[in-house]
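Architecture at a glance
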Amino acid sequence: MRQDLGGKTLALAPGDYGAVTYARRSHPADRRLRICSADPARPAQFTGLTLRDVSGLILEDLRLQYRFQPGDNAITTRPFRIVKGAHITLRGIEFAGDVARGSVPHDNGFGAGKGLFVDASRDIAVTGSEFHTWHKAVSIHRSRDIVFSGNDIHSIRSDGMNLVQVENVLIERNRIHDFVRSMASPDHPDMIQIWTTRTDRPSRNITIRSNVINSGSGKYTQSIYISNRRVSDDGAGHEMFYRNTRIENNVIINAHLHGITVGATDGLLIANNTLVRSHFSKGSRNSPKLYVPTIRVGAESMNVTITRNITPEIIGCDKRGRRCRENLLTQDNAPSGPTYVSRVFADPQKPSPTRVSQFRYARGGPAYGQNVGSDLLVDPN
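Scope of this entry: the structure provided in the associated data block. (Residues numbered from 1 in each chain as written. Predicted model: local features only at pLDDT ≥ 70, side-chain atom pairs only at ≥ 80, totals over all residues. Heavy atoms only, no water.)

With respect to the overall build of the chain
Here is the rule: Helix and strand assignments follow DSSP, with helices taken as H or I runs no shorter than four residues and strands as E runs no shorter than two, numbered in order from the N terminus. Computation of the radius of gyration draws on C-alpha atoms, with the globule rule given as 2.2 Å multiplied by the number of residues to the power 0.38. The classification of residues rests on relative accessible area computed with a 1.4 Å probe and restricted to protein chains. Under 20% of the type maximum is buried, over 50% is exposed, and intermediate values are partly exposed. Whether two residues are in contact is decided by their heavy atoms, any of which lying within 4.5 Å being enough. Every accessible area reported is derived by Shrake-Rupley at a probe size of 1.4 Å, with residue values counting cover from the shown protein chains alone. Only four residue types enter the tally: Lys and Arg on the positive side, Asp and Glu on the negative side, with His and both chain ends excluded. Positions of charges follow a simple convention, taking NZ of Lys, CZ of Arg, CG of Asp or CD of Glu.
Along its length, the chain carries 2 helices and 35 strands. By the compact-globule yardstick of 21 Å for 381 residues, the chain fits well, its C-alpha radius of gyration being 21 Å. When its C-alpha atoms are laid out on the principal axes, the chain stretches across 65 × 45 × 45 Å. The buried share of the chain, reckoned over its 381 residues, is 56%. Of all intrachain contacts in the chain linking residues separated by at least 6 positions in sequence, the fraction that spans at least 24 positions is 61%. A total of about 16200 Å² of accessible surface is found on the chain, and carbon and sulfur atoms cover 47% of it. Distance between charge centroids for the chain: 1 Å, based on 50 positive and 36 negative side chains.

Right under this line is the structure:
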């Protein structure tokens, strides 16, 4: 271990440091303590890490490796936690999960526990990191000023991101893909989910942009699912509406009708997103509409704009006062139609589901050069 505390850096030699708790420590926000691997190619490893009532910290180039133990709860175990934290950055971290063993059959062999759990915290940034082999990759509760950018989430059993009662959140340029679902379990997997159960304040100021959400070689999941059951189920009023939600420039390749679904919200922009069905990921039920990703906005929502999206369907444009314009509605049933998917995208029927490039806009097609849909699918050539 090499220490350079004068420069606020603690560089760790390769090795397994076990489970660590760091609590009740404060470092100035402009001179944070940086804990990193001395050799990023051989990262220092922790099997558990709890940061409680800590501020002013940077963790960089570390491996956080969970190992499932007999008696662990496959759903609720939280080996890596930030509770009452502030001014904390996690950069270049591998959150490596583990599969359940010796549990009930629908748990065994699938990702267990939560990769990162954040509660009652502020100014938290997670960038350039990888999450794999978890039940849920990221859970953020009762927190604000969150940046989640440039991360890779894959091989997850249930949810990629799960957020509750959060404010000032930016989720951008992430890849969320190829979940490994337990189809016999009661899971309802979501790539990104925001919800309200047992909350007393709504989430507000949420931006979800420029992410690639791809079911890939995995089975279907819900993609961006923002329910508001405090309003729809509990009868709460306008005080519990989400505020100022922006969902823009995302690519969604999946096979579930909840492509972008948003409950009661005041101030909602859904713009320049591209949603397309993945035939590889659809389920076995004889219910074709269930496997087509769509945009859906709750009837209660106010101040709604839905514009310049590419999607098979939009539910919620018929309410008076909503601005719903310049959207391109595609279909994959009638090959002679002008918006048939093979006219819109380069090669959407090709059986290589992990390759996003096959969904680039076809030259001369209705999306090419039209400032519609996500620019992540514009052919760079």
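Comments concerning the pattern of salt bridges
Side-chain pairing between opposite charges can occur once the charged atoms of the two side chains come close. Quick reminder of the rule: Note on definitions: salt bridges are taken to be side-chain nitrogens of Lys or Arg within 4 Å of carboxyl oxygens of Asp or Glu.
A complete count under the given rule lists 17 salt bridges for this structure. Where Glu172 meets Arg209, a salt bridge forms, and the shortest distance between an N and an O atom there is 2.9 Å. Residue Glu172 is found in strand E19 (residues 167-172), and its partner Arg209 is found in strand E22 (residues 204-209); the two are separated by 37 residues along the sequence. Note on Glu172: relative accessible area 15%, which makes it buried. Within the structure, one salt-bridge network assembled from shared partners comprises Arg34, Glu60 and Arg91.

Comments concerning a positive patch on the surface
Just so we agree on the cut-off: To count toward a patch, a residue needs a relative accessible area above 30% and no salt bridge. Like charges then connect within 9 Å, nonpolar side chains (Val, Leu, Ile, Met, Phe, Trp, Tyr) within 5 Å.
Judged by side-chain charge, Arg24, Arg25, Arg52 and Lys84 come together as a positively charged surface patch. Position of Arg25 relative to the elements: it lies in strand E4 (residues 19-26).

Description of the pairing of strand E7 (residues 48-60)
Definition in use: The rule for pairing is simple: two strands pair if DSSP sees at least two bridges between them.
With 11 of its 13 residues buried, E7 lies for the most part within the structure. For strand E5 (residues 33-37) and E7, the ladder comprises 4 bridges, and the chain directions are parallel. From the neighbouring strand, Leu33 faces E7, where its bridge partner is Leu57. Summarising the sheet, E7 and strand E9 (residues 80-83) pair through 4 bridges and their orientation is parallel. Opposite Thr50, over in E9, you have Arg81 as the bridge partner.

Here we look at the packing of aromatic side chains
The line we're drawing: In summary, the pairing rule links any two rings of Phe, Tyr or Trp, Trp by its six-membered ring, whose centres are within 6.5 Å, and it sorts them by plane angle into stacked for under 30 degrees, edge-to-face for over 60 and tilted for everything else. Two conditions define a charge sitting above a ring: the NZ of Lys or the CZ of Arg must be within 6 Å of the ring centre, and it must be within 35 degrees of the ring normal.
Applying the stated criterion to the full structure yields 10 aromatic pairs. Taking the centre distance of 4.3 Å and the plane angle of 5° together, the rings of Phe95 and Phe131 count as stacked. With Phe95 in strand E11 (residues 94-96) and Phe131 in strand E14 (residues 130-132), this pair connects stretches of sequence that are 36 residues apart. Among the residues examined, Phe131 registers a relative accessible area of 0% and is labelled buried. What links up through ring pairs into an aromatic cluster is the set Tyr66, Phe68, Phe80, Phe95, Phe131, Trp134 and Phe148. Arg78 extends its terminal NZ or CZ atom over the ring of Phe117, reaching a point 3.9 Å from the ring centre.

Quick look at the side chain of Asn174
Definition in use: Counted as a polar contact is a pair of N or O atoms within 3.5 Å, where, for protein atoms, one must be capable of donating a hydrogen and the other of accepting one, and residues adjacent in sequence contribute only when both atoms are in side chains.
Position of Asn174 among the secondary structure elements: in the loop between E19 and strand E20 (175-177). A polar side-chain atom of Asn174 sits 3.0 Å from the main-chain carbonyl oxygen of Phe148. Non-local contacts of Asn174, meaning those with residues more than four positions away in its chain, are made with Phe148, Ser149, Gly150, Asn151, Ser210, Asn211 and Val212.

Describing the state of the cysteines
The cut-off we apply is this: Any cysteine sulfur atom paired with another within 2.5 Å is treated as part of a disulfide.
Within this structure, the stated rule accounts for 1 disulfide. Across a sulfur-sulfur distance of 1.8 Å, Cys317 and Cys324 are joined as a disulfide pair. Between Cys317 and Cys324, the S-S torsion sits near 45°, and that sign places the bridge as right-handed.

Regarding the side chain of Ser129
If you trace the backbone, Ser129 turns up in the loop between strand E13 (122-127) and E14. A distance of 3.1 Å separates a polar atom in the side chain of Ser129 from the backbone oxygen of Thr127. Dropping the residues within four chain positions of it, Ser129 is found in contact with Leu90, Arg91, Gly92, Ile93, Gly150, Asn151 and Asp152.

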